[in-house]
Amino acid sequence: MPEKRYVAAIDQGTTSSRCIIWDRGGLPVCSDQREHAQIFPKPGWVEHDAAEIWSSVREVIKGALAAGGVSPDEIAAVGVTNQRETVVIWDRATGKPIHNAIVWQCMRTQDFCGEWLKTPGWEQDRLGRGRVKDITGLLINPYFSGTKIKWILDSTPGARERASRGELLFGNIDSWLIWNLTGGPNGGVHVTDVSNASRTLLMDIKTLEWSGEMTRFLDIPRAMLPRIMPSSAVYGNTSPDGPFGAEIPIAGDLGDQQAALFGQSCFGRGEAKNTYGTGCFMLMNVGDSPVFSGSGLLSTAAYKLGNEKCVYALEGSVAIAGAAIQWLRDNLRIVDESQDSEYLANKVDDSGGVYFVPAFSGLYAPYWDTSARGAIVGLTRYIRKEHIVRATLESICYETRDMVEAMNADSGAPLSVLKVDGGAVKNSLLMQMQSDILGARVARPAVNETTALGAAYAAGLSVGFWESPAKLPSGGGGDVTFSPGISDEKREEGYRGWKKAIEKSRGWVNDEERGAH
Ligand code: ADP
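In this report, we go over the structure that sits alongside the text.

### Some thoughts on the nonpolar core
So, point 1. Formed by 99 residues in total, the largest nonpolar core has its most connected members in Ile 89, Ile 149, Met 224, Tyr 276 and Leu 418.
So, point 2. At 11 residues, the largest contribution of residues to this core is made by helix H12 (residues 385-411).
So, point 3. Here this core spans two domains, and each of domain 1 (6-264 + 448-471) and domain 2 (316-444 + 479-506) adds at least three residues to it.
So, point 4. Discounting chain neighbours no more than four positions away, the residues touching Leu 418 are Ala 272, Lys 273, Asn 274, Tyr 276, Met 282, Thr 400, Gln 434, Leu 438, Arg 441, Val 442 and Ala 443.
So, point 5. In terms of nonpolar packing, the next biggest core, distinct from the first, is built from 36 residues, Ile 21, Ile 75, Val 191 and Phe 244 among them.

Below, the structure written as structure tokens:
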């Protein structure tokens, strides 16, 4: 038998699928990537073709193996990470989906969620506290899988009955891929992990089992739900007839954001990662019992390694982060490329007292104010475009500070270092500002593929390719740490200005106007 030198990670994202093969030192050896179609049947509706996704995953597995000249016999384990919440329902006998996958972004169940919120016993306060939060850690919201599953069952004749008989299966993309990789209709295993299950609205976050109260309310037959497993465990072997052409243990499964937390080695309570892309996604490890937020953050299962206790996280997101830079580029046209924001902002020492609140569609955590709209405040004749660019970068850092403040208050475990990833972290000025504004260290890894690395870690740990979380490789160095370089006074003065700017952005539209802007 050839030596087991690698772990393969499949990263199935919202716009593309990737396979990255990692070596024992935690470095990527080879990879392949393929995009898939975004289907928009109506405004606000988003679908994917699950069969196309499975086909793209087969292609990228073969492509990655070929690119690196890697033999399947050299792969110790396979890990899966995926776009979360997206719903696939398929026929167990044929392996065919009965409907396009309904993507996490899809808002088709908004009306149902509105009705649900008015149902006695299910009311929620402004911060999302209520029965659903108590059971699942989440909110009544179309993003999560539960109402999407109900929608397919309600709108497909006979589906609910067939699901009750176990003829139809539900899965998020992780379950769909693992079932197919392990043989599909010929003995495929139907599983998910705690991190994915905790995004469905159906899992009891304390017991890590499907909640009878939730499945009854949404009328979702238990027979169609996958078995909830640890995030690091052997679920089954890849089928020799599949894209690997060999039997390899599938041994890791994590939703993408939790995988990034894991890939960033946030194994201790109070450790957090923030991903800077279109929006920001921040997760903080809160230890082995869930923390229920007083600021409207979500509680979620982060990961569970084999028989060890589940580790939980608080999760917060901001809708507009890198997207504010795109807005400068596409709408104001004051930067040609996103990366020029660094050079332009560096031409001035500060933002000249300008604050930009990019509340284009209201304010999310911790404000939860749909009446807010974007605002640029503090303008004088002195202000040039460079100040506005700088203020835009600062806004991303202040939004992150707001989330950190909320998480610190909820968890009682103050953040010491923020680990960062995503497309915008290449901007070193942004990272330095982030450290200044947080008053905490900001650590940027050399390997930015933290999501795929997290899935690889989970898989490698479960088969003994790596011994323990403490002994995981850190990716060969090259990480950069940014440390605060301004005084506490200056930091707090800046943050007070941000809070003032936030107040200016609030109460801009009323209920009737909300839909129109
Ligand atoms: P997503 O996965 O959400 O599509 P990415 O992780 O690819 O996003 O990051 C792209 C986002 O990062 C864009 O919104 C872009 O404006 C922003 N971005 C990319 N490079 C920079 C940079 N050097 N400085 C600031 N923002 C950047």
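### Structural notes on the pattern of salt bridges
So, point 1. All told, the structure shown has 30 salt bridges when counted by the stated rule.
So, point 2. A salt bridge links Arg 199 to Glu 315, with the nearest nitrogen and oxygen atoms 3.2 Å apart. Of this pair, Arg 199 sits in the loop between helix H7 (194-197) and strand E10 (203-204) while Glu 315 sits in strand E18 (residues 311-318), and the two are 116 residues apart along the sequence. For the pair shown, Arg 199 and Glu 315 are each scored as buried.
So, point 3. The closest approach of N and O atoms between Asp 488 and Arg 491, which form a salt bridge, is 2.3 Å. Of the two residues, Asp 488 and Arg 491 both sit in helix H15 (residues 488-505), three residues apart, roughly one turn of that helix.
So, point 4. Since its relative accessible area comes to 55%, Asp 488 is described here as exposed.

### A short note on the sheet that holds strand E14 (residues 249-255)
So, point 1. Strands sit in the order E3-E2-E1-E5-E14-E13 across an open sheet of six strands; the sheet is mixed. Every interior strand has two partners, whereas the edge strands, strand E3 (28-35) and strand E13 (232-237), have only one. Mean inter-strand twist for the sheet, computed between neighbouring axes without regard to direction, equals 25°.
So, point 2. Sheet analysis places strand E1 (residues 6-12) next to strand E2 (residues 16-23), joined by seven bridges and oriented antiparallel. Bridging across to E2, Tyr 6 finds its partner in Asp 23.
So, point 3. Contacts from helix H6 (residues 173-181) reach E1, strand E5 (75-82), E13 and E14, with the element oriented near 145° to E5.
So, point 4. Against the sheet, helix H9 (residues 256-263) engages E5 and E14, with an angle of about 105° to E14.

### Observations concerning the site of the ligand
So, point 1. Around the ligand lies a shell of 13 residues, among which Thr 278, Gly 322, Ser 338, Gly 423 and Asn 427 are the nearest.
So, point 2. Separating an oxygen atom of the ligand from a side-chain N or O atom of Ser 338 is a distance of 2.8 Å.
So, point 3. Expressed as a share of its isolated accessible area of 580 Å², the protein-covered part of the ligand is 68%.
So, point 4. For the shell around the ligand, the element with the highest residue contribution is helix H10 (residues 322-332), accounting for four residues.

### Looking at the packing of aromatic side chains
So, point 1. This structure, assessed with the given rule, holds 21 aromatic pairs.
So, point 2. Their ring planes at 65° and their centres at 5.0 Å tell us that Phe 262 and Phe 267 sit as a pair that is edge-to-face.
So, point 3. On the accessibility criterion, Phe 262 (0% relative accessible area) is buried.
So, point 4. Look at Phe 267 and you get partly exposed, because its relative accessible area is 25%.
So, point 5. Ring centres of Phe 465 and Trp 466 lie 4.8 Å apart, and the angle between their planes is 75°; this geometry places the pair in the edge-to-face category. We note that Phe 465, like Trp 466, is buried.
So, point 6. An aromatic cluster of at least three residues, connected via ring pairs, comprises Phe 262, Phe 267, Tyr 303, Tyr 457, Phe 465 and Trp 466.
So, point 7. Between the NZ or CZ atom of Arg 24 and the centre of the ring of Phe 465, over which it lies, the distance is 4.1 Å.
So, point 8. One cation-aromatic arrangement involves Arg 401 over Tyr 495; the distance from NZ or CZ to the ring centre is 3.8 Å.

Conventions used here
For every chain, the first residue of its written sequence is number 1, and the numbers climb from 1 along that sequence. The model is predicted, so local features are restricted to residues of pLDDT at least 70 and side-chain atom pairs to those at 80 or more, both for listing and for counting; the totals for chains, interfaces and linings are taken over all residues. As a rule here, side-chain values come from all non-hydrogen atoms in the structure, and water together with hydrogens is ignored. Nonpolar cores were defined as sets of buried Ala, Val, Leu, Ile, Met, Phe, Trp, Tyr and Cys residues, with membership established by side-chain atoms within 4.5 Å. Buried means the residue's accessible area, taken with a 1.4 Å probe over protein chains only, is under 20% of the maximum for its type, while exposed means over 50%, and partly exposed covers the values in between. A run of H or I in DSSP counts as a helix once it spans at least four residues, and a run of E counts as a strand once it spans at least two, with each numbered from the N terminus. Domain boundaries shown here were taken from an automatic or database domain assignment. Note on contacts: a residue pair is in contact if any heavy atoms of the two residues lie within 4.5 Å. For salt bridges, the criterion is a side-chain nitrogen of Lys or Arg within 4 Å of an Asp or Glu carboxyl oxygen. Should DSSP find at least two bridges between two strands, the strands are regarded as paired. Angles run from 0 to 180 degrees between N-to-C directions of axes, and those axes are lines fitted to C-alpha atoms, restricted for helices to the stretch in contact. By convention in these notes, a residue is near a molecule or strand provided one of its non-hydrogen atoms lies within 4 Å of it. Under the rule applied, a polar contact is a pair of N or O atoms within 3.5 Å (in protein, one hydrogen donor and one hydrogen acceptor; residues adjacent in sequence only if both atoms are side-chain atoms). The protein chains shown are the only cover counted for residues, whose accessible areas, like all others here, come from Shrake-Rupley with a 1.4 Å probe. The rule is short: rings of Phe, Tyr and Trp, with Trp giving its six-membered ring, pair when the centres are within 6.5 Å, and they are stacked under 30 degrees, edge-to-face over 60, tilted in between. Two conditions define a charge located above a ring, namely a distance within 6 Å from the ring centre to NZ of Lys or CZ of Arg, and an angle within 35 degrees of the ring normal.

Take it as geometry only, folks, not as evidence of what the structure does.
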